[in-house]
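Secondary and tertiary structure notes
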Amino acid sequence: MTAIAVADKQKDDKPLAGAGLRGQSAGTTALCTVGKSGTGLTYRGYDITDLAHHAEFEEVAYLLLKGKLPTQSELNDYKHSLKARRGLPPALRRVLEEIPANAHPMDVMRTGCSMLGNLDQELDFAEQEDKTDTLLAMLPAIICYWYRYSHDGVRIDTTCPEQDSIGGYFLEMLTGKAPSELHKKVMHCSLVLYAEHEFNASTFTARVCASTLSDLHSCITAAIGSLRGPLHGGANEAAMEMIERWQTPDEAEAGILQMLANKEKIMGFGHAIYRESDPRNDLIKAWSKKLSEDVGDTHLYAVSERVEAVMKREKNLFCNADFFHASAYHFMGIPTKLFTPIFVMSRVTGWAAHVFEQRANNRIIRPSADYIGPEPQAWLPMAERK
Ligand SMILES: CC(=O)SCCNC(=O)CCNC(=O)[C@H](O)C(C)(C)COP(=O)(O)OP(=O)(O)OC[C@H]1O[C@@H](n2cnc3c(N)ncnc32)[C@H](O)[C@@H]1OP(=O)(O)O
Ligand SMILES: O=C([O-])CC(=O)C(=O)O
């Protein structure tokens, strides 16, 4: 049974009221607001629309990790420092070469991050920013080194000095060619949109791990595992697998109606916090449209728009950040299975910023449970059990 089928079955089997800690505050944060009235999404008080239109991803990473927007010289120094950290240690390259081509790329990210934790250990929390910067620099290298080795049989040089942005760096390592200005801009926007989102499942995972005073790599490794699922970061891949089945908007409409009739979840729609729209959708949708014109797409963007309209009409559900990311990444030639690892390359900034915040005011996260099991029972010797 697939993960999505399990989720659909559970929905039918058990009452969800009050589940998932929905609506309960689980702590404080100065990093982000989600769905607060008047502001769809802010990072440290800056509106996502302003950041997506004006900021490079590295500026946003700096904002989240260091607490303020960088000056030009601080940004230059930061990008220079990230660039200097791109070379993968030989032991990490050897581990990546052992991972088979049919592995899930999110498992590669998880293993790569965990292995780096052995080679570049965080021995003191005073090292947390330094270790985060190394992770930020190396995560694109981890996925591209594995992908190119396992799929094309080449050992790429991950220093890639021509590209000074993380998005451009990823695209050049993936394709072996310098990316266009358009593609670099889209990557900045995409990475900015994915960088941070308050107490979502993967960030909360990172904070729970941090609250035990564990090391940074353990927190990020745990978060990667949490992001992998199709109800969270994995939805962009699942959305792509769905929309590429349809050649025309009418086919898409019939397909969605059938899925809804079967009570299937439509990936890339709905949200745990937003009720009317996800402010990231319009921003990535605009780039998807531009890319669709750029590549001469004949149907995928139109199919996506029809799915959006049908979901609004039938279920009053809106696209979340993941839905138009699917077509945007596809138009840039990125293989579907690498979509969620791009999310990791960005969200590592939000995860790490939350780890720092948790550590600065820590109490171990340990909620209670309402017991619903059997009343106390007498011990049953083996011979009497049925
Ligand atoms: C970057 C991100 O992580 S964004 C989220 C990415 N995930 C997805 O796109 C997966 C698809 N979406 C979903 O599964 C859900 O909308 C979630 C996991 C995002 C949020 O889950 P919840 O908070 O439980 O959703 P919510 O309480 O708003 O659901 C309300 C109703 O809409 C239905 N619904 C919600 N999303 C969808 C969907 N995508 N397709 C069909 N029905 C849906 C729910 O089943 C529920 O129906 P019910 O009242 O009959 O039980
Ligand atoms: O906030 C959430 O639950 C999921 C989400 O959109 C994100 O993590 O970007």
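Analysis parameters
Residues numbered from 1 in each chain as written. Chains lettered and ligands numbered in written order. Predicted model: local features only at pLDDT ≥ 70, side-chain atom pairs only at ≥ 80, totals over all residues. Heavy atoms only, no water. Helix = DSSP H or I, 4+ residues; strand = E, 2+ residues; numbered from the N terminus. Rg over C-alpha atoms; globule rule 2.2 N^0.38 Å. Buried < 20%, exposed > 50% of the residue type's maximum accessible area, 1.4 Å probe, protein only. Areas by Shrake-Rupley, 256 points an atom, 1.4 Å probe, with all protein chains shown as cover. Lys, Arg positive; Asp, Glu negative; His and termini not counted. Charge placed at Lys NZ, Arg CZ, Asp CG, Glu CD. Axes fitted to C-alpha atoms, helices over the stretch in contact; angles between N-to-C directions. Contact = heavy atoms within 4.5 Å. Nonpolar A, V, L, I, M, F, W, Y, C, P; charged D, E, K, R; others polar. Expected span 1.5 Å × (residues − 1). Bend = angle between axes of the 7 residues up to and from the residue. Phe/Tyr/Trp six-rings, centres within 6.5 Å; stacked < 30°, edge-to-face > 60°. Near = heavy atom within 4 Å. Polar contact = N/O pair within 3.5 Å; in protein donor to acceptor, adjacent residues only side chain to side chain. Core = buried A, V, L, I, M, F, W, Y, C linked by side-chain atoms within 4.5 Å. Domains from an automatic or database assignment. Salt bridge = Lys/Arg side-chain N within 4 Å of Asp/Glu carboxyl O. UniProt positions renumbered as here; feature names shortened; annotations may be inferred.

Notes on the overall build of the protein
When helices and strands are counted, the protein shows 17 helices and three strands. Against the 2.2 N^0.38 benchmark of 21 Å for 386 residues, the protein shows a C-alpha radius of gyration of 22 Å, consistent with a compact globule. C-alpha atoms of the protein, sized along the principal axes, occupy 70 × 55 × 50 Å. Out of the 386 residues in the protein, the part that is buried amounts to 50%. Per element, the accessible surface of the protein, about 18,500 Å² overall, is 52% carbon and sulfur. Of note, the protein has its 42 positive side-chain charges centred 3 Å away from the centre of its 50 negative side-chain charges.

Quick look at the packing of helix 6 (residues 105-119) against helix 17 (residues 339-360)
Running from N to C, helix 6 and helix 17 point in directions that differ by 35 degrees, and their axes come no closer than 8 Å. Here Pro105, Met106 and Met109 of helix 6 come into contact with helix 17, specifically with Thr340, Pro341, Val344 and Met345. In terms of residue class, the contact of helix 6 with helix 17 is built from six nonpolar, one polar and no charged.

Points about helix 17
End to end, helix 17 covers 32 Å across 22 residues, agreeing with the expected 32 Å (1.5 Å per residue, within 8%). For helix 17, the principal kink sits at arginine 347 and spans about 45 degrees. Judged by how many residues are buried, helix 17 sits mostly within the fold: 21 of 22 residues are covered.

Here's the deal with the packing of aromatic side chains
Counted according to the given criterion, the structure contains nine aromatic pairs. Seen in terms of ring centroids, tyrosine 194 and phenylalanine 343 are 3.8 Å apart; in terms of plane orientation they differ by 15 degrees. Their pairing is stacked. Of this pair, tyrosine 194 sits in helix 9 (residues 181-194) while phenylalanine 343 sits in helix 17; the two residues are 149 residues apart in sequence, bridging distant segments of the chain. Phenylalanine 343 sits in the buried class, given a relative accessible area of 4%. A ring pair is formed by phenylalanine 323 and phenylalanine 324, whose centres lie 5.2 Å apart and whose planes are at 90 degrees; its orientation type is edge-to-face. A relative accessible area of 0% places phenylalanine 323 in the buried class. Classification of phenylalanine 324 as buried rests on a relative accessible area of 0%.

Focus on the site of ligand 2
Taken together, His197, Asn200, His232, His271, Arg280 and Arg347 form the complete shell of residues around ligand 2. Here an oxygen atom of ligand 2 and a side-chain polar atom of histidine 197 are 2.7 Å apart. A distance of 2.7 Å separates an oxygen atom of ligand 2 from a polar side-chain atom of arginine 347. If ligand 2 stood free it would expose 270 Å²; the protein chains cover 83% of that surface. The residue inventory of the shell around ligand 2, partitioned by class, reads no nonpolar, four polar and two charged.

Remarks on the nonpolar core
Core analysis: the biggest nonpolar cluster contains 110 residues, and Tyr43, Phe170, Ile256, Val307 and Ile334 have the highest contact counts within it. The residues that make up this core include at least three from each of domain 1 (32-231 + 336-360) and domain 2 (236-330). Ignoring sequence-local partners within four residues, the contact set of tyrosine 43 consists of Leu31, Cys32, Ile48, Leu51, Val60, Leu63, Leu64, Val192, Leu193, Tyr194, Ala195 and Glu196.

Describing the domain arrangement of the protein
Splitting the protein by domain gives domain 1 (32-231 + 336-360) and domain 2 (236-330). Taking the mean C-alpha position of each, domain 1 and domain 2 sit 25 Å from one another. Across the boundary between the two partners, domain 1 contributes 29 residues, which contact 22 residues of domain 2. Our count for the contact surface shared by domain 1 and domain 2 stands at zero salt bridges. Summed over the shared surface of domain 1 and domain 2, the result is nine residue pairs in polar contact (both at pLDDT 80 or more). Among the secondary structure elements, those contributing two or more residues to the side of domain 1 that touches domain 2 are strand 1 (32-36), strand 2 (39-43), helix 2 (48-54), helix 9 and helix 17. Here the side of domain 1 that touches domain 2 takes nine residues from helix 9, the largest share from any one element. Within the side of domain 1 that touches domain 2, the residues separate by chemical class into 16 nonpolar, 10 polar and three charged.

Focus: the environment of glycine 350
Topologically, glycine 350 is positioned in helix 17. Residues glycine 350 and alanine 195, 155 residues apart in the sequence, show an inter-C-alpha distance of 5.6 Å. When residues no more than four places from it in sequence are discounted, the contact partners of glycine 350 are Leu64, Ala195 and Glu196.

Here we look at helix 12 (residues 235-243)
Extensive coverage of helix 12 is indicated by the burial of eight of its nine residues. Within helix 12, burial applies to Ala235, Asn236, Glu237, Ala238, Ala239, Met240, Met242 and Ile243.

A few points about the side chain of threonine 221
Summarising the element assignment, threonine 221 is placed in helix 11 (residues 216-227). With a relative accessible area of 16%, threonine 221 lands in the buried category. At a separation of 2.6 Å, a polar atom in the side chain of threonine 221 contacts the main-chain carbonyl oxygen of histidine 217. When residues no more than four places from it in sequence are discounted, the contact partners of threonine 221 are Arg110, Cys113 and Ser114.

Some details on the UniProt feature "active site" (unreviewed entry) in the protein
The feature "active site" (unreviewed entry), as annotated in UniProt, sits at His271 and Asp322 in this numbering. Sequence-wise these annotated residues cover 52 residues; spatially they are packed, their C-alpha atoms never more than 10.6 Å apart. For histidine 271, the location among the structural elements is in the loop between helix 13 (249-261) and helix 14 (279-295). Sequence-distant contacts of histidine 271, defined by excluding residues within four places in its chain, comprise His197, Asp278, Arg280, Phe318 and Asn320. A distance of 2.9 Å separates the side chain of histidine 271 from the backbone nitrogen of isoleucine 273, its partner in a polar contact. Of note, aspartate 322 is situated in the loop between helix 15 (300-315) and helix 16 (323-331). Not counting residues within four places of it along the chain, the set of residues in contact with aspartate 322 comprises Tyr194, His232, Gly233, Ala235, Asn236, Gly268 and Phe343.

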